[in-house]
Amino acid sequence: MSPDPKRQSEDPAAAQQRFLSLFLRSEREVFRYVAALVPNMVDAEDIVQQTALALWEKFDAYDPSQPFTPWACRFALNKTKQWIERRQRWQALLENGLAEEMAQRREELRPEIEARLKHLEGCLNKLPDEQQSIVEGYYYRRDRIEKLAEVSGRTIAATYKTLQRIRAALQLCIENAAKGVRS
């Protein structure tokens with residue numbers, strides 16, 4: 001199926017809004033589809049996120065005369081198959097002593113990990129209250145992005161962008177703290 005030339009000239013913001021609208025209406029069905037194929041809900045959530053990214057990357061190939069949900073479920077099936085293949089490879093690696101090696105490496109890295117977590121805590125405390133609230137909602141309470149967008153008065157896309165900027169700021173803050181640079 002070739003991309004619709006009319007849609008290629010579509011305003012990127014309008015395309016993103018259209019995609020979000022279609023995906024959000026289908027997200028629960030896609031999740032149910034994936035959850036029926038994998039045993040763990042957290043894994044299903046990850047697969048749905050990967051599916052959303054793949055759908056957005058290929059959205060210009062979507063035929064709007066066809067239903068969105070079946071199209072999305074085909075992507076979800078492919079992402080689920082990839083997840084199952086990776087899991088099988090991991091299980092084979094774990095059986096060959098990788099788990100013990102990873103545990104040993106984690107123990108070696110413990111001081112660095114603990115230092116970074118301490119820096120993260122300090123960096124989180126430096127964030128403005130509104131940004132702290134978004135981080136707490138998204139990562140600790142696991143609020144849906146729609147709820148965070150509504151509470152913050154932003155669009156869903158703007159809320160995702162805000163999270164991306166917060167993560168980048170936190171990473172820079174942690175790196176500077178690790179180097180002893182004051183921010």
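On a predicted model such as this, the values are computed, not experimentally measured, just so you know.

1. Remarks on the overall build of the protein
Move 1: Check the secondary structure of the protein and you find 8 helices and 0 strands.
Move 2: Its C-alpha atoms give the protein a radius of gyration of 20 Å, clearly above 16 Å, the size a compact globule of 183 residues would have.
Move 3: Across the 183 residues that make up the protein, the buried fraction comes to 28%.
Move 4: Taking as baseline every contact in the protein between residues at least 6 positions apart, the subset at least 24 positions apart corresponds to 60%.
Move 5: With the model as given, the accessible surface of the protein reaches about 12,700 Å², and the carbon-plus-sulfur share is 53%.
Move 6: With 29 positive and 27 negative side-chain charges, the protein shows a separation of 2 Å between the mean positions of the two kinds.

2. Here's the deal with the side chain of Thr51
Move 1: In this structure, Thr51 sits in helix α3 (residues 41-57).
Move 2: Within the structure, the side chain of Thr51 is placed 2.8 Å from the backbone oxygen of Ile47, a separation counted as a polar contact.
Move 3: Setting aside residues up to four positions removed in sequence, Thr51 forms contacts with Val30, Ala72, Phe75, Ala76 and Lys79.

3. Here's the deal with the packing of helix α2 (residues 12-35) against α3
Move 1: Packing of α2 against α3 leaves a shortest axis separation of 10 Å and a crossing angle of 150°. Both α2 and α3 take part in a crossing whose hand is right-handed. Side by side, α2 and α3 meet where Ala15, Gln16, Phe19, Phe23, Glu27, Val30, Phe31, Val34 and Ala35 of the first sit next to Met41, Ala44, Glu45, Ile47, Val48, Thr51, Ala52, Leu55 and Trp56 of the second.

4. Description of the packing of aromatic side chains
Move 1: Tallied over the entire structure, the rule returns 11 aromatic pairs.
Move 2: With centroids separated by 5.3 Å and ring planes inclined at 55°, the aromatic side chains of Phe19 and Trp56 adopt a geometry described as tilted. Taken together, the residues span a long stretch of sequence, with Phe19 in helix α2 and Trp56 in helix α3 at a distance of 37 residues.
Move 3: Its relative accessible area of 35% is what places Trp56 among the partly exposed residues.
Move 4: Ring geometry for Tyr62 versus Phe68: centroids 5.3 Å apart, planes at 80°, classification edge-to-face. The same class applies to Tyr62 and to Phe68, which are both buried.

5. Focus: a nonpolar patch on the surface
Move 1: A grouping of Trp90, Leu93 and Met102 is seen on the molecular surface, where their side chains present a nonpolar patch of about 300 Å² in accessible area.
Move 2: In this structure, Leu93 sits in helix α4 (residues 68-95).

6. Focus: the nonpolar core
Move 1: Judged by nonpolar contacts, the single largest core of 38 residues is most densely connected at Val34, Leu55 and Phe68.
Move 2: Where this core is concerned, the elements lending two or more residues are α2, α3, α4, α5 (98-126), α6 (129-140), α7 (145-152) and α8 (156-179).

7. Digging into the confidence of the model for the protein
Low-confidence regions, as indicated by low pLDDT, have predicted coordinates that should not be scrutinised in detail.
Move 1: Across the protein, the average pLDDT comes to 87, with 92% of residues at or above 70.
Move 2: In the predicted structure, residues 1-7 sits below a pLDDT of 50 and forms 12 contacts with residues beyond four places in sequence or in another chain.

8. Some points on the packing of α7 against α8
Move 1: The N-to-C vectors of α7 and α8 enclose an angle of 95°; their axes lie 9 Å apart at closest approach. With respect to α8, the element α7 is oriented roughly perpendicular. Taken together, the residues of α8 that come into contact with α7 (itself represented by Ile145, Glu146, Leu148, Ala149 and Ser152) are Ile156, Thr159, Tyr160 and Leu163.
Move 2: Classifying every residue of the contact of α7 with α8 gives 6 nonpolar, 2 polar and 1 charged.

9. Focus on the environment of Gly137
Move 1: In this fold, Gly137 is placed in helix α6.
Move 2: Each C-alpha atom, one on Gly137 and one on Gly180, is 30 Å from the other, the two residues being 43 residues apart in sequence.
Move 3: Beyond its immediate chain neighbours, meaning those up to four positions away, Gly137 contacts Arg142, Asp143 and Leu148.

About the cut-offs
- Residues numbered from 1 in each chain as written.
- Predicted model: local features only at pLDDT ≥ 70, side-chain atom pairs only at ≥ 80, totals over all residues.
- Heavy atoms only, no water.
- Helix = DSSP H or I, 4+ residues; strand = E, 2+ residues; numbered from the N terminus.
- Rg over C-alpha atoms; globule rule 2.2 N^0.38 Å.
- Buried < 20%, exposed > 50% of the residue type's maximum accessible area, 1.4 Å probe, protein only.
- Contact = heavy atoms within 4.5 Å.
- Areas by Shrake-Rupley, 256 points an atom, 1.4 Å probe, with all protein chains shown as cover.
- Lys, Arg positive; Asp, Glu negative; His and termini not counted.
- Charge placed at Lys NZ, Arg CZ, Asp CG, Glu CD.
- Polar contact = N/O pair within 3.5 Å; in protein donor to acceptor, adjacent residues only side chain to side chain.
- Axes fitted to C-alpha atoms, helices over the stretch in contact; angles between N-to-C directions.
- Left-handed = near helix turned anticlockwise from the far one by under 90°.
- Phe/Tyr/Trp six-rings, centres within 6.5 Å; stacked < 30°, edge-to-face > 60°.
- Patch = residues over 30% accessible without salt bridge, like charges linked within 9 Å, V, L, I, M, F, W, Y side chains within 5 Å.
- Salt bridge = Lys/Arg side-chain N within 4 Å of Asp/Glu carboxyl O.
- Core = buried A, V, L, I, M, F, W, Y, C linked by side-chain atoms within 4.5 Å.
- pLDDT = per-residue confidence, 0-100.
- Parallel < 35°, antiparallel > 145°, perpendicular 65-115°, else oblique.
- Nonpolar A, V, L, I, M, F, W, Y, C, P; charged D, E, K, R; others polar.

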